[in-house]
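As a plain string of letters, each chain reads:
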Amino acid sequence: MMAYIFFMMLLALPVLLPLNILGGNAETEGFVVTTSTNVTPRSLFLIGHIVLTVIFIVVAMFIIWFYQRTYFRSRSAARTREFVNSHTVYIRHISRKAKDGSLFAFMDSIYPEGVASCHVAVRAPELLSLKSQKKSIIKSISHDEAILRIKGYRPKRRTGKCAFIATCTGLRPKEDSLRYLKQKLPYVSSKITRYQQKDYPATGVAFVTFYSAKTAHRCVGDFYTFIDRNRLVGSLNDKQLSKEMKARFWTVKRARNPDEYFWSQLHFGVTQQTIRITIISGILFFVALFWSIPISLLASLDQFRDVPGIGNALGFIYDTPFLQDFIEGYIPSLLQSTFIALLPMILEHVCKLEGHHTSAERNASVMRHFFIFIILNVLIFPTLLIGSIDSITKLLEENPAVTISKINFALQGAFYINWIIQQTFMAGMFKLLRPHHLVLRWYNEYKAVSDIEKEEAIKNVRRMLYRIRFAQMLLVVAVLQTFAVVVPLILPAGFLYFVFTHIIDRNNILHVFPKDLQSDEMIPSAIYMWLISLIIYEIATLGFFYLKRSLAAFIILLIFIFITLVFCFILMIFNEWDKYTFIRNGTPELLPYQYPDNVLKTAYQHPGFEKERDEASLKKTLDIDANDRERDILNILESDLERALHHYNDDDYNLEDYDPEEFQDGEEYEEYEEYEEYEEGEEYEEYDEVEEYEEYEEYEEGEEYEEYDEVEEYEEYEEADEPEEENP
């Protein structure tokens, strides 16, 4: 993107600036001279504008095509390092009467001896609430024991209903926190066990885990299209079971990691999600419109100079040119930037109401709403309103074309130049310093007592929001493209923005935020957003040439808008075709890893149905002395899946150590904390007296071990034949 903006700047500044200056009225002065507003209608100087517009559109389409082809190549060549989700498929629209056993029988009839487990997701909010309560109790016990161990006193706690009022008024004393929590934990655990015996309604979602990732991949292909599902279901012998499962209407996809699913929202269907998304989108549209009105009014104060009443009230501003320039040129863009910086946090909470099943879907919704909102609020509505308030008031008195022609593009260009400069320095410094992250970390460190809590406070830093970064940069690209021909001086400000953003984001990615693998759906979303920006650019430029009464340029832009829409449709087809060919003919390239059976069988079990510890084992854990048992109490929270995941993500297990010829599918990749080396017929023994070897030499049979200063005691290996001593 930075190279594209630099290319636009190299062409626009030496070509368009002279045309704008020479093609207008000689009496015009100031910033307006540098904009296309200065060019008279039907001027021959507009030929340069239409030529550069066509060049910019063609280059942008070529870059978008190149990005998509690069994405396809990287997606097919990259080795996928995923966990148990590579063995699991996610099924939607399954019959709500289906049970785990009937689903297992159905899938086992299609893939004999290949199915490890089947889990039909149920709606059990009570269990999820109890599990969350148990987790909170265990963390509180760990925290209170750390206070007892480090600070030497037993913390107190308010308990019961109306606890604050009762303790403050002296009606009820505070209780010993550790004693209270240790008594409450077994009660909550036993309550969970009782609730697990109940029957809960199904959600229409199920998970099927296979022993092999290839079988899971084949399952996705078998149910990919309606024709495939009909052919598969028609070939089965048990027609009644197929009818009960409603397999013809299934939507089967590869599952995501179990911790990415919102189990309390799996009961939301497609229709409910669509209605909720539509309502929230409509609300955001009106919020963007109403927020743009005061911004536009502040940026157009001069329009109200002759309005009775308002002009007199604002007279003190008009009498102070510096104050007027400060309010019109700085305050609107500052308010806009501040609101845009807070918008992602607002959308994260709003999108929870849409009922998404996974965190990836929610993040995609946040990215989509954020991009649409800022496009409307920052680009479209201000462009229509800034400098056009007076024109809109005269819309009923004059010809609409004459009214629209009075829109002040110079004033809009000045607003967006100031906005981009503020995004470069103020928003850039905010991203670099990250004050909200630092305050949150300092607060967590202040509350932390134990070493584990302090480690978590350091690690608990918000991850880099790549989707929001993409949306913010594509908004700047949309603004730069829209005003590149009208206000060429906006391009140097945009190039400076991308230089600073590149430096800041590179520092954050390499040195600040954790290096997480993002979903592969983010790149296509960014490509489509750039296409939307390109279409907005073409429509805005189309309006500009219409106002300049350039019929030839207007027709050329109409043709290119049609070409862009066709190009967008072709890219969507190629994206779907790439997915289809991979599902049909591709194979999952995964690092070999032999999963424990208990992980394959319980990974996608509803979290509320995880088996509880028996009361004796739980009491034994709680009765252990608080000293040096901080990790023991927290181990209660870990499931078999989480323990296996920690082992899988161990630092010693990485892509560099992987040799594709050494392991076959299904073999186990073993990890050792200490490596033992074996010679032919000899064993290298480790001794308690020797803790570390900085270096050692290996000898074939018949050679003698040499002594080192680092090893004070060792035993020599006795051979059947005494080795001869070599002359040094």
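**Details of the overall build of the protein chain**
Then, number 1: The secondary structure content of the protein chain amounts to 28 helices and eight strands.
Then, number 2: The burial tally for the protein chain puts 42% of its 728 residues in the buried class.
Then, number 3: Excluding contacts between residues fewer than 6 apart, the proportion of contacts in the protein chain whose partners are at least 24 apart in sequence is 78%.
Then, number 4: Total accessible area on the protein chain is roughly 40800 Å²; 57% of this is exposed by carbon and sulfur atoms.

**Section: the environment of Leu-148**
Then, number 1: For Leu-148, the position within the fold is in helix H4 (residues 125-150).
Then, number 2: Relative accessible area serves as the criterion here: at 25%, Leu-148 is assigned to the partly exposed category.
Then, number 3: Separated by 30 residues in the primary sequence, Leu-148 and Leu-178 place their C-alpha atoms 9.4 Å from one another.
Then, number 4: Ignoring any residue separated from it by four or fewer positions in sequence, one finds Leu-148 in contact with Tyr-153, Arg-154 and Leu-178.

**A few points about the pattern of salt bridges**
Then, number 1: Inspection of every chain in the model, using the stated rule, returns seven salt bridges.
Then, number 2: For the salt bridge of Arg-154 with Asp-176, the shortest nitrogen-to-oxygen distance reads 2.7 Å. Pair noted here: Arg-154 is in the loop between H4 and strand E3 (156-157) and Asp-176 is in strand E4 (residues 175-176), with a separation of 22 residues, a long-range link.
Then, number 3: Salt-bridge contacts for Lys-579 lead to Glu-576; the nearest nitrogen and oxygen are separated by 4.0 Å. Highlighted residues: Lys-579 and Glu-576, both in helix H24 (residues 551-585), separated by three residues, approximately one helical turn.
Then, number 4: You can call Glu-576 partly exposed: its relative accessible area is 41%.
Then, number 5: One continuous salt-bridge network, built from bridges that share partners, spans Asp-228, Arg-231 and Arg-584.

**Here's the deal with a nonpolar patch on the surface**
Then, number 1: Residues Trp-65, Leu-551, Ile-555, Ile-559, Phe-562, Ile-563, Val-566, Phe-569, Ile-570, Ile-573 and Phe-574 make up a contiguous nonpolar surface patch of roughly 1000 Å² in combined accessible area.
Then, number 2: Element by element, the count of residues in the nonpolar patch is highest for H24, at ten residues.
Then, number 3: Within the secondary structure, Val-566 sits in helix H24.

**Digging into the nonpolar core**
Looking at soluble globular proteins, one finds that nonpolar side chains tend to be buried together.
Then, number 1: Ranked by size, the top nonpolar core spans 81 residues in total, and within it Val-479 and Ile-490 carry the most contacts.
Then, number 2: At twelve residues, the largest contribution of residues to this core is made by helix H21 (residues 466-484).
Then, number 3: Every residue in contact with Ile-490, bar those within four places of it in the chain, is listed here: Tyr-416, Ile-417, Ile-420, Val-479, Leu-480 and Phe-483.
Then, number 4: Core analysis: the second largest hydrophobic core is formed by 29 residues, Met-107, Tyr-111, Phe-223 and Val-252 among them.

**Side note on helix H23 (residues 522-547)**
Then, number 1: Across its 26 residues, H23 extends 38 Å between first and last C-alpha, which sits within 8% of the 38 Å expected from 1.5 Å per residue.
Then, number 2: Arg-549 occupies a position one or two residues after H23 and carries a positive phi of about 55 degrees.

How each quantity is defined
Residues numbered from 1 in each chain as written. Predicted model: local features only at pLDDT ≥ 70, side-chain atom pairs only at ≥ 80, totals over all residues. Heavy atoms only, no water. Helix = DSSP H or I, 4+ residues; strand = E, 2+ residues; numbered from the N terminus. Buried < 20%, exposed > 50% of the residue type's maximum accessible area, 1.4 Å probe, protein only. Contact = heavy atoms within 4.5 Å. Areas by Shrake-Rupley, 256 points an atom, 1.4 Å probe, with all protein chains shown as cover. Salt bridge = Lys/Arg side-chain N within 4 Å of Asp/Glu carboxyl O. Patch = residues over 30% accessible without salt bridge, like charges linked within 9 Å, V, L, I, M, F, W, Y side chains within 5 Å. Core = buried A, V, L, I, M, F, W, Y, C linked by side-chain atoms within 4.5 Å. Expected span 1.5 Å × (residues − 1).

All we've got here are geometric facts, nothing functional implied.
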